[in-house]
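# Geometric and topological summary
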Amino acid sequence: MKLEEAPAPGSHLHITCEQQQFREPGFCLHQLQDHDIKILYLQCIPWYLRAYLHTMKLEQILPDSKVLSFEEMSLTLAKDRSHPYTVETILTVPAGSTTKFSIQFDPLMLRWNEYPPDAHHGRSIPSGIVTFRDDGQVVRLYTDSPLVYLPTPDFSMPFNVLCLVSTVIAIVYGSLFSLTTKDLVCIKETEV
C-alpha cells in the first residue's frame, strides 16, 4: 500500500441499550476513502432476539447527520427454534463518512434446557459481513461479535424446592418409622 492511499473501510458492531426493554445492535462503517463505495451487508440475527423490523434505519452520523436509504434489501424472517433473521442489503456509503445501520430487538426467554451451562455469560450475535470491491478485488470485512445478555430464570429455585421437600419427607418418614418399629410397653403408676 502506498502512503498517499486512504486505508480501507473499517467496521464494528456494538449493542446499545437506550431503553430498559429494547436493545439496538448498531453496525458502524467508517469509510475514509475519497470516493463513494457500494457495499453488500449481510447480518444474521438469532431467533431468540425478537427483531422489530419497522425500527430498521440507515443513517450517516459523521461528518453530518442525515438519513440514508437502502438500494436493495432482502429479509428472511426468523422461525422460533429453527432459523434466524437474515438481513442482506446493498447500500452506497458516502466518501469520508461514518454510516450506522441499526435495528431494535428484544431478547426472549428460552426454555430451561436451551440455556448453556454458564447461562449468565450471555450469547454472541454472529458477526456481520461487509463485502465491497476495492481496485478490482473483492474485500470482505467481518464485524465484531457482541455479547447479548438474555433473561435468565433463577436456576437455584428447583434446588431449594428439592431440599425443602426432601427435608419434609425425611421428618415425616422418620417419625412414622419410629412409631411403627418401637415396642410400646405400658408402665404401671406404682412402678414409677
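Cut-offs used in this document
Residues numbered from 1 in each chain as written. Predicted model: local features only at pLDDT ≥ 70, side-chain atom pairs only at ≥ 80, totals over all residues. Heavy atoms only, no water. Helix = DSSP H or I, 4+ residues; strand = E, 2+ residues; numbered from the N terminus. Buried < 20%, exposed > 50% of the residue type's maximum accessible area, 1.4 Å probe, protein only. Contact = heavy atoms within 4.5 Å. Lys, Arg positive; Asp, Glu negative; His and termini not counted. Salt bridge = Lys/Arg side-chain N within 4 Å of Asp/Glu carboxyl O. Phe/Tyr/Trp six-rings, centres within 6.5 Å; stacked < 30°, edge-to-face > 60°. pLDDT = per-residue confidence, 0-100.

Per the secondary structure count, the protein includes 1 helix and 12 strands. Starting at the N terminus and ending at the C terminus, the protein contains elements arranged as β-β-β-β-β-β-β-β-β-β-β-β-α. A total of 192 residues make up the protein; the buried ones form 30% of that total. Intrachain contacts of the protein at a sequence separation of at least 6 include 70% that bridge at least 24 residues.

What follows is about the side chain of Glu59. Checked against the element boundaries, Glu59 lands in strand S4 (residues 49-62). The side chain of Glu59 sits in the buried core without any salt bridge; Lys57 is the nearest counter-charge, 4.4 Å away. If we ignore the near neighbours within four places in the chain, the residues touching Glu59 are Lys66, Val67, Leu68, Thr98, Thr99 and Lys100.

Another aspect to go through is the pattern of salt bridges. Under the counting rule described, the total for this entry stands at 3 salt bridges. The salt bridge involving Arg50 is made with Asp80; its shortest N-O contact spans 3.5 Å. Pair noted here: Arg50 is in strand S4 and Asp80 is in the loop between strand S6 (72-76) and strand S7 (85-93), with a separation of 30 residues, a long-range link. Taking relative accessible area as the criterion, Arg50 reaches 26% and is therefore assigned partly exposed. Residue Asp80 is classed as partly exposed on the basis of its relative accessible area, which comes to 37%. Where Arg81 meets Glu114, a salt bridge forms, and the shortest distance between an N and an O atom there is 2.6 Å. On the criterion of sequence distance, the pair formed by Arg81 in the loop between S6 and S7 and Glu114 in the loop between strand S8 (97-107) and strand S9 (123-124) is long-range, its members being 33 residues apart. By relative accessible area, Glu114 is classed as partly exposed at 21%.

A separate point is the packing of aromatic side chains. If you walk through the whole model with that rule in mind, you get 4 aromatic pairs. Judged by centre distance (5.7 Å) and plane angle (80°), the ring pair of Trp47 and Tyr48 falls under edge-to-face. Where Phe70 meets Phe101, the ring centres are 5.7 Å apart and the plane angle is 80°; that geometry is what we call edge-to-face. Here Phe70 is found in the loop between strand S5 (66-67) and S6, whereas its partner Phe101 is found in strand S8, with 31 residues between them in sequence. Look at Phe101 and you get buried, because its relative accessible area is 5%.

For the protein, per-residue confidence averages 82 on the pLDDT scale, and 86% of positions sit at 70 or higher. This stretch, residues 1-6, has a pLDDT under 50; its non-local contacts, to residues over four places away or in other chains, come to 2 contacts.

Turning to unusual backbone geometry, a few remarks are in order. Despite not being glycine, Arg81 has its phi angle at roughly 60°, a positive value. Unusually for a residue other than glycine, Asp135 sits at a positive phi of about 55°. Examined against the element boundaries, Asp135 turns out to sit in the loop between strand S10 (129-134) and strand S11 (137-142).

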